[in-house]
Amino acid sequence: SPGRAGGARPQQQRAPTPEPATPLPRSAADLPAAPGRETFVAMCTACHDVTTSVSARRTAAEWKDLIDNMRGRGAPGDNAAAESVRAYLVAHYGR
């Protein structure tokens, strides 16, 4: 009879990979407008392009560690600025 030969199971289709909550930006103009955006641009884009800066989603603790590391290497900004950037990144590029 026509149909499945030898008891083969039908192929399961994979669900499409969901788009990230916030697509990766190509420039600062593509970043979500929210508190912390301008501080992020000032602190991070002197050394990194915007896409590189947010290409990996991180937890709040991971963003804090990364920001602390970058500040130790000379990234500008005080503790309040670092917290503003961390909150922005967690909200838009967190996991």
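Note: the structure precedes this text.
Residues take numbers from 1 onward in each chain, read along the sequence in its written order. Only residues with pLDDT of at least 70 are given local features in this predicted model, and only at 80 or more are side-chain atom pairs given and counted; all residues enter the totals for whole chains, interfaces and linings. Note: side-chain values were computed over all heavy atoms of the structure, leaving out hydrogens and water.

### A few points about the nonpolar core
What makes a nonpolar core is a set of buried Ala, Val, Leu, Ile, Met, Phe, Trp, Tyr and Cys residues whose side-chain atoms join them at distances within 4.5 Å. When accessible area is computed with a 1.4 Å probe and restricted to protein chains, residues below 20% of their type maximum are described as buried, those above 50% as exposed, and intermediate ones as partly exposed. One finds F40, M43, V85, L89 and Y93 to be the most contacted residues of the largest nonpolar core, which totals 14 residues. Only DSSP runs of H or I with at least four residues qualify as helices, and only runs of E with at least two residues qualify as strands; both kinds are numbered from the N terminus onward. Sorting the residues of this core by element identifies α1 (37-44), α2 (50-54), α3 (60-72) and α4 (79-93) as the ones contributing at least two each. No other element matches α4, which puts six residues into this core. In this description, contact between two residues means that some pair of their heavy atoms is separated by no more than 4.5 Å. Setting aside anything within four residues of it in sequence, one finds V85 in contact with G36, T39, F40, M43, C44 and I67.

### Some words on the packing of α1 against α4
The geometry of α1 relative to α4 is characterised by a closest axis approach of 8 Å and an angle of 110° between their N-to-C directions. The angle between α1 and α4 places the two elements in the roughly perpendicular class. Between α1 and α4 the crossing geometry is left-handed. Here α1 contributes R37, T39, F40, M43 and C44 to the contact with α4, which in turn contributes A81, A82, S84, V85, Y88 and L89. Fitted lines through C-alpha atoms give the axes, limited to the stretch in contact for helices. The angle between two N-to-C directions lies from 0 to 180 degrees. Orientation categories follow fixed angle ranges, with anything under 35 degrees roughly parallel, anything over 145 roughly antiparallel, 65 to 115 roughly perpendicular, and all other angles oblique. A clockwise turn of the near helix away from the far one marks a right-handed crossing, whereas an anticlockwise turn of less than a right angle marks a left-handed crossing.

### Overview of the layout of surface pockets
Sizing a probe to match a water molecule and rolling it over the atoms shows the empty space that remains. A 1.4 Å probe that fits into a set of points on a 1 Å grid over the protein atoms alone but cannot get out defines a cavity; an open set with protein on both sides within 12 Å along at least five of seven lines defines a pocket, and lining residues are those with an atom within 4 Å of a point. Grid points are joined across faces, edges and corners, and a volume is the space filled by probe spheres set on the points. Here the largest pocket defines a volume of roughly 350 Å³. Lining the largest pocket are 18 residues; nearest its centre among them are C44, H48, S53, L66 and M70. In terms of residues, the lining of the largest pocket owes the most to one element, α3, which gives four residues. For this classification, Asp, Glu, Lys and Arg are treated as charged, while Ala, Val, Leu, Ile, Met, Phe, Trp, Tyr, Cys and Pro are nonpolar and the rest, including Gly, are polar. Class assignment of the residues belonging to the lining of the largest pocket gives a composition of twelve nonpolar, four polar and two charged.

### Topic: the packing of aromatic side chains
Aromatic rings in a pair are described by how distant their centres are and how their planes are angled relative to each other. Aromatic rings from Phe, Tyr and Trp, taking only the six-membered ring of Trp, are treated as a pair when their centres fall within 6.5 Å; an angle between ring planes under 30 degrees marks them as stacked, one over 60 as edge-to-face, and anything in between as tilted. Going through the model one piece at a time under the given rule, you end up with one aromatic pair. Relative to Y88, the ring of F40 has its centre 6.1 Å away and its plane inclined at 25°; by these criteria the two rings are stacked. Of this pair, F40 sits in helix α1 while Y88 sits in helix α4, and the two are 48 residues apart along the sequence. Side by side, F40 and Y88 carry an identical accessibility label, which is buried.

### A word on the environment of E83
Position of E83 relative to the elements: it lies in helix α4. Counting along the chain gives 44 residues from E83 to T39, while the straight-line C-alpha distance between them is 9.9 Å.

### Observations concerning the pattern of salt bridges
Should the charged atoms of two oppositely charged side chains come close, the side chains can pair. A pair is scored as a salt bridge if a Lys or Arg side-chain nitrogen falls within 4 Å of a carboxyl oxygen belonging to Asp or Glu. Under the defined criterion, the tally for this structure stands at four salt bridges. Residue R95 is joined to E62 by a salt bridge in which the shortest nitrogen-to-oxygen separation is 2.8 Å. Pair noted here: R95 is in the segment after α4 and E62 is in helix α3, with a separation of 33 residues, a long-range link. For R95, a relative accessible area of 63% corresponds to the exposed category. For the salt bridge of R86 with E83, the shortest nitrogen-to-oxygen distance reads 2.6 Å.

Honestly, that's just the spatial picture; any functional story needs more than this.
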